[in-house]
Every structure is written in C-alpha cells, then in structure tokens.
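Chain by chain, the residues run as shown.
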Amino acid sequence: MGINVALDGPSGAGKSSIAKKAAASLGYIYVDTGAIYRSVALFMLRNNVDIKNKEEVSAKLSEIDVKLEYKDKTQVVVLNGEDVSELIRTPEISMAASAVSAIPEVRTFLLDLQRNIARENNIIMDGRDIGTVVLPNAQVKIFLTASAEERAKRRFKELQEKGDKSTYEEVLKDIIQRDYNDAHRETAPLKQAEDAVLVDTSDMDFDRSVEKIISVIKEKTAEEKLQKKKEHELMPIDPVEPGKNVNCFLWIVHQLFRFLVWIAYKIWYKVEYVGTENCPKGGGNMYVCTHRSYADPVLVSIPVRGPFRFMAKEELFKGNIFFKWLIIALGAFPIKRGNGDTEAIEKSIRTMKKGRNFLIFPEGTRSRDGKVGKIRSGAALIGAVSQTNIVPVAICFEGRKLKFRSRIIVAFGKSFTPAELGADSTSPRCLKLIKNKISQELNNLVNENVKKL
Ligand code: DC
C-alpha cells in the first residue's frame, strides 16, 4: 500500500489547486474525487434525468463507466470513453454534482473506484468523505477550509478569468448553498474526521497553503514511521517465533501463558477435541474457525503443535495493559475492523510464510447462536495469496455463552488447499470458491458435532 493522504473540506477551499501542487512536489498522484461526481452529474443532465429523483438517478448508474486515468501524473476523467475533464467544470455541473452526491447509491457506486486507486499508489485524494468513509485508514488526514467569503472571493476571481459572468454575490450564495447541502446530506456528510489535522487557509496565500500541507504530510508520515518503529521495539521479535532469532524469554512466556490458560480452561470447562489428527504436522497453516467466545484462540491453539498466531480487534490492545500483554503473549496481533486492514492481512501472510500457524475467524464476528454466519472475503483473500493448507475448525457448545463447566467440542476438519479447489489467484471467482468451501466445511463440522453435545 502506498501513502494515502485524505484531503477533505468544503467547496472552494482551494483543495484541488493546493493538493495538485503539493502532490507534484512530493511525487504523489493527485486524485480529485469531485471530478467523478461531476461526471455522474454530467451524464444525468445529458440524459435528461431528474437529478433530484433518487430512483431515476440510481436506475441510470449502470450505464455509466467513469475512469480516472493519469497521464504524467495528471488526472484525466473519462466518462464512457470520452475525456470530460474540461466539460465538468461549469457552475451548472457543480450544483448538479452536489445533488447527485447526496444519493447513497451514487456514493456506493463510486466507492471501489476511489479505493482501488488508493491501494496501489502514493496519493493525495481530495473530496468530502475521504478521511471518514473512503480511506478511513489513510496515514494522513487533512481537513482544509477557509471562510465562505474568502472562498467565494477566490472562486469569483477564477470564474472571471475564465470569462464567466457570475457575480460575487451569486458565487457566495452558491458556496453557502453547497456547504449546506454537503454538510446536511444523510449519507457521508462533509465533516472533519476525528484524526484529521485542520488547516484554515483564510489568511494564507496559495504558496503558504501548499507549504503548510506539505509540512503536515511530512510530519505525519515521519510520525507514522516512528510509531511503527516504536511498536517494533515493544515487540522486538514475535513471541511465538522459534528459530535462531528467538528471544528465549518471550518464547518461554508464550508457552507458559498457553499452558497456564489451558490449565485454567481445563478446570473451568469440559473440553473435548475431535479430529486433531487433521492438524497438519508442520507450521504455516491457516486455521479457519467458527467464533463463539474470547476463549476460542486458546482452545484451538492447544492441540496445534508449533507457534501460533491470530488476529484480535485493535481495541483490545488499547484497553487494560495486563490483558494486552496476555493476548500478545498468546500470539495475537491487532486488526482494524471494518475496512480491509491491508497491513494486518499482509502480516498474516508473512506469519504463515515464516512457518507459523495462523488462526482466523472468517465470519469476522462472534456467533451467539452457534450457526455459521456469512464468510467474509478477508479469509478467502489470505488463503488465495498464501496458497497454504486451510484447516476448518468448529467450536460447539450449548447456549449463547460459555458457563462454568460448559461442555465444549472443538472439532478439526480435513484440511484443503485453494489449489485443490482451482482457486489459484485472487480473482473474485477464486475468492468465491474459497469462501464457499470454508462455509460448507464449517457448516458440516458444526452440524456433525452439535448433535454430540
Ligand atoms: O470538489 P468538487 O467541487 O469538484 O465536488 C463536486 C461535488 O461533489 C460537491 O458538491 C461535493 C461532491 N463530492 C462529494 O460529495 N464527495 C467527494 N468525495 C467529492 C465531491
């Protein structure tokens, strides 16, 4: 993943020109997401669609193919094969873009396009909801604003230079109206992300604003590097990694914790293992397990020989320090939930490459009633990239919660590899094959074993 800078703010704050210059000087790609909303608006106006009518607009979306192309790092907006980069820069389109952008179906329709660009490149992406919705994990978030009067003054000058006859009052009225529309729409309203840096350019000239943005980006990316270094220092080596770089102390702590927790479980619950012969002997396997309780990672790891790692939601690492160290000692590493935490996904793959076993809960969340929920794409993606053995595991007990002396069956199914399914890439077809197989295996295991309770 490249460096993602999310730049949000109201119309006319100078985002596009400031971001363009800052991106050029940093060697990043500048992505103007307003342009894609504008091309949707252009398409609707050309086709006489009533842009206030949600249903009419939504029904037409399937006829639109918008692409952002980059020639010498300059954005070209292509609407159904036509370069519309210039055509979309009129006050009429500005207003229409504001209207279509308030329609949830339009926003969903454009989401993947924006995320895909950000995935591969160092970018500054400008918009309204980039830091809050499109790229919530962006390394740098900036909210750029200026007073409505100052913004109107700048836009008026720009329009005059283009020969547009709008008056200052009209421009100001437009800006106030668009601010209101953008901030009051139901879906993804314009608002500053909690972790965004506020930059007010009312009293800054253009060059000063660019300098300011560049300095925020440099500062934040340096901070991020430092933070990563600190995290690395906190966990100088993975506690569960055997081999020559092992920190013996941490390795012993890991084994000791696993053992102590296991003893506690033995006393507290009645655990029965089924199909442990299905656990592959070596490491580097992916265990996909139904998720019933916080006890699951330890329950699964006990009969699995060798080092063992699993993902746990990031919030668990921020709370009680004792709990944090306990889960780290047991092999957990954090994942940001919600929007495909690519770093955690990459870490899982590296973990298995290094020969450690890895546990994932492919439903993404706990099941209260024990039924297998929808399998998410994350597990399938990790399986498809790592092409490793996938071992299904079901945890079965009666009732919604574990109680003192609850009987628990932990059942291991036969492992399979993505290649056996014909899933040799990360294409949607392959991910579907893996998801279906995981779902089928987990359902079979659960159905077979709940009967024994
Ligand atoms: O930045 P701009 O003026 O080109 O944006 C045109 C319209 O599109 C604006 O009214 C807000 C909307 N927009 C949005 O809702 N979300 C974005 N990410 C970008 C623009």
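Our subject is the structure that appears above.
Numbering of residues starts from 1 in every chain and runs along the sequence as written. Predicted model: local features are reported for residues with pLDDT of at least 70 only, side-chain atom pairs are reported and counted for 80 or more only, and whole-chain, interface and lining totals are derived from all residues. Working from all heavy atoms in the structure, the side-chain values ignore hydrogens and water.

1. Brief notes about the pairing of strand β12 (residues 332–335)
Here is step 1: Pairing geometry for strand β11 (residues 308–313) and β12, over four bridges, is parallel. Bridge pairing in β12 places Phe310 opposite Ala332.
Here is step 2: When the strands point away from the viewer and the connection leading from the first strand across the helix to the second strand turns clockwise, the crossover is called right-handed. Helix and strand assignments come from DSSP, with helices taken as H or I runs of at least 4 residues and strands as E runs of at least 2, each series counted from the N terminus. In this fold, the crossover linking β11 to β12 by way of helix α12 (residues 321–329) has right-handed handedness. Here, a strand pair is defined by DSSP locating no fewer than two bridges between the strands.

2. Details of helix α5 (residues 104–120)
Here is step 1: Between its first and last C-alpha atoms α5 spans 26 Å; for 17 residues at 1.5 Å apiece the expected length is 24 Å, and the two agree.
Here is step 2: Two axes enter the definition of the bend at a residue: one is fitted to the seven residues ending there, the other to the seven starting there, and the bend is the angle between them. Along α5, the sharpest kink reaches roughly 30°, centred on Leu110.
Here is step 3: Burial status follows relative accessibility: with a 1.4 Å probe on protein chains alone, a residue under 20% of its type maximum counts as buried, one over 50% as exposed, and anything between as partly exposed. By the burial criterion, the buried members of α5 are Val106, Arg107, Leu110, Leu111, Gln114, Ile117 and Ala118. Working rule for helices: expected span equals 1.5 Å times residues minus one.

3. A word on the site of the ligand
Here is step 1: Proximity criterion: a residue is near a molecule or strand once any of its heavy atoms comes within 4 Å of it. Neighbouring the ligand are 15 residues; Thr33, Arg38, Arg107, Arg178 and Arg185 lie closest to it.
Here is step 2: In this structure, Asp129 approaches the ligand through a side-chain N or O atom, which is 3.3 Å from a nitrogen atom.
Here is step 3: Throughout this description, a polar contact denotes any pair of N or O atoms lying within 3.5 Å of each other; where both atoms belong to protein, one of them has to be capable of donating a hydrogen while the other can accept it, and for residues adjacent in sequence the pair is counted only when both atoms sit in side chains. Arg178 places a side-chain nitrogen or oxygen 2.7 Å from an oxygen atom of the ligand.
Here is step 4: Protein contact buries 96% of the 450 Å² of open area that the ligand shows by itself.
Here is step 5: Going through the elements one at a time, α2 (34–46), α4 (91–100) and α8 (168–184) are the ones with two or more residues in the shell around the ligand.
Here is step 6: By residue number, the principal contributor to the shell around the ligand is α2, which donates three residues. For accessible areas, the Shrake-Rupley method is used with a probe of radius 1.4 Å. Any residue's cover is judged against the shown protein chains and nothing else.

4. A look at unusual backbone geometry
Here is step 1: Look at Asn48: it is not a glycine, yet its phi comes out positive at around 55°.
Here is step 2: For Asn48, the position within the fold is in the loop between α2 and α3 (54–60).
Here is step 3: We note that Gln387 has phi near 50°; this positive angle belongs to a residue other than glycine.
Here is step 4: Tracing the backbone shows Gln387 in the loop between α14 (377–386) and β14 (390–396).
Here is step 5: Using a relative accessible area of 30% as the deciding quantity, one classes Gln387 as partly exposed.

Scope: geometric values only; no functional claims are made or implied.
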